[in-house]
Amino acid sequence: MDSTLLQALSQATGVAKVVLALLVVMSVVSWAVIYWKWRSLTVAKRGVSRLTGQILEADSLADAAGAIDALAGPSIRSMASLGFKEFTKLSLSGDAEKLVSDNVRRILHHGIAEEMRGLSRALPLLAIAANAAPFIGLFGTVWGIMHSFHAIGRMQSASLATVAPGISEALIATAVGLAVAIPASVAYNMFLGMIESLESQYISFAGLLLNRLRHDACTYPQGMELAAPRTQVCS
């Protein structure tokens, strides 16, 4: 079977070889993206779940900041850092208790939007592979069948030996196109679901952090930094 496949590939036309090479490149890129996105989304999901639990258990803003500083990954830390920076600005202006809800909410929403854009990066490559690979394979199929008909015309024979090379090209191109498209399509839809779930978790985390900032607004008149929690000055 392997020798037959290799023989069919060696006898394929230049166009068929280009089509197959393109499909192989698309497959390699797709699997690289699948591995990278699965790893990054799994790590992000595990991190935000653990950190949300820590925020719920925190007795003060200082404990929450310590949990974020110790456990948060780069994405959650950057989003929380935006909220703490805005909280510090409002605290120094003396308007933290009045403005922290609206201002920090907007900042956290901005951070969530940025994280969603980052998590969605490279997904269009999977969409392209899922949608384009079957048509590229179909092009190879049509080209192989055309090659078979040309061979029949040249040799004036419709024997199996005459049409087999072109039909082989057609079937190989179809199979490879589907082999590229199916995993890319499944992974794309699975990752979309994971990203939607992560967005809900990020919103939940942001809401818990906002509540903690509102509750402790008067406790930290000089603001709060992730790496250096302030000392409480009011009850």
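Look a little higher up for the structure.
On a predicted model such as this, the values are computed, not experimentally measured, just so you know. (Residues numbered from 1 in each chain as written. Predicted model: local features only at pLDDT ≥ 70, side-chain atom pairs only at ≥ 80, totals over all residues. Heavy atoms only, no water.)

Chemist: Any chance you could explain the overall build of the chain here in plain terms?
Modeler: Broken down by element type, the chain carries 7 helices and 0 strands. Reading the helices (α) and strands (β) of the chain from amino to carboxyl end gives α-α-α-α-α-α-α. Out of the 235 residues in the chain, the part that is buried amounts to 40%. Contacts in the chain between residues far apart in sequence, at least 24 positions, make up 79% of those at least 6 positions apart. Accessible area for the chain stands at about 12800 Å²; split by element, carbon and sulfur atoms hold 64% of it. (Helix = DSSP H or I, 4+ residues; strand = E, 2+ residues; numbered from the N terminus. Buried < 20%, exposed > 50% of the residue type's maximum accessible area, 1.4 Å probe, protein only. Contact = heavy atoms within 4.5 Å. Areas by Shrake-Rupley, 256 points an atom, 1.4 Å probe, with all protein chains shown as cover.)

Chemist: In this structure, what is going on with the pattern of salt bridges? I would like to understand it.
Modeler: It is possible for side chains of opposite charge to pair when their charged atoms get near one another. Counted by the stated rule, this structure contains 1 salt bridge. In this structure, Glu 114 engages Arg 117 in a salt bridge whose closest nitrogen and oxygen atoms are separated by 2.3 Å. Of this pair, Glu 114 and Arg 117 are both found in helix α5 (residues 96-119), 3 residues apart, which corresponds to roughly one turn of the helix. A relative accessible area of 36% places Glu 114 in the partly exposed class. (Salt bridge = Lys/Arg side-chain N within 4 Å of Asp/Glu carboxyl O.)

Chemist: Explain the packing of aromatic side chains here, please?
Modeler: How two aromatic rings sit relative to each other is given by the distance of their centres and the angle of their planes. In total, this model carries 0 aromatic pairs according to the counting rule given. The positively charged end of Lys 37 is found above the aromatic ring belonging to Trp 36, 4.8 Å away from the centroid. (Phe/Tyr/Trp six-rings, centres within 6.5 Å; stacked < 30°, edge-to-face > 60°. Lys NZ or Arg CZ within 6 Å of the ring centre and 35° of its normal.)

Chemist: It is not clear to me how a nonpolar patch on the surface should be interpreted in this structure. Could you clarify?
Modeler: A grouping of Phe 135, Leu 138, Phe 139, Val 142, Trp 143 and Met 146 is seen on the molecular surface, where their side chains present a nonpolar patch of about 590 Å² in accessible area. Turning to its location among the elements, Val 142 is positioned in helix α6 (residues 123-155). On the basis of relative accessible area, Val 142 is assigned to the partly exposed category, the value being 42%. (Patch = residues over 30% accessible without salt bridge, like charges linked within 9 Å, V, L, I, M, F, W, Y side chains within 5 Å.)

Chemist: So what exactly am I meant to see when it comes to unusual backbone geometry here?
Modeler: With the exception of glycine, the majority of residues adopt a negative phi angle, and the majority of peptide bonds are in the trans configuration. Look at Ala 122: it is not a glycine, yet its phi comes out positive at around 80°. In this structure, Ala 122 sits in the loop between α5 and α6. Classification of Ala 122 as buried rests on a relative accessible area of 15%.

Chemist: I'm lost on the layout of surface pockets in this one. Help?
Modeler: Over the atoms rolls a probe the size of a water molecule, and its path tells where empty space is left. The computed volume of the largest pocket comes to approximately 270 Å³. The wall of the largest pocket is formed by 15 residues, among which Val 43, Ala 44, Gly 73, Pro 74 and Ser 75 lie closest to the centre. Broken down by secondary-structure element, the contributors of at least two residues to the lining of the largest pocket are α2 (14-57), α4 (74-93) and α5. Taken together, the residues that form the lining of the largest pocket break down as 8 nonpolar, 4 polar and 3 charged. (1 Å grid on protein atoms, 1.4 Å probe; cavity = no way out; pocket = protein on both sides within 12 Å on 5 of 7 lines; lining within 4 Å. Points joined across faces, edges and corners; volume = space filled by probe spheres on them. Nonpolar A, V, L, I, M, F, W, Y, C, P; charged D, E, K, R; others polar.)

Chemist: Help me understand the nonpolar core, please; the structure alone is not making it clear to me.
Modeler: Nonpolar side chains in soluble globular proteins tend to end up buried together. Ranked by size, the top nonpolar core spans 49 residues in total, and within it Ile 68, Phe 84, Leu 126, Phe 191, Tyr 202, Phe 205 and Leu 209 carry the most contacts. Those elements giving two or more residues to this core turn out to be α2, α3 (61-71), α4, α5, α6 and α7 (160-215). Considering every element that reaches this core, the biggest residue donor is α7, with 14 residues. Discounting residues that sit within four places of it in the chain, Leu 126 has contacts with Ser 30, Val 33, Ile 34, Ala 184, Ala 187, Tyr 188 and Phe 191. (Core = buried A, V, L, I, M, F, W, Y, C linked by side-chain atoms within 4.5 Å.)

Chemist: Which parts of the structure should I look at to understand the side chain of Glu 115?
Modeler: Among the structural elements, Glu 115 can be located in helix α5. Although Glu 115 is buried, it makes no salt bridge; Arg 121 carries the closest opposite charge, 8.2 Å away. When sequence neighbours within four positions are dropped, the list of residues in contact with Glu 115 reads Ser 75 and Ser 78. (Lys, Arg positive; Asp, Glu negative; His and termini not counted.)

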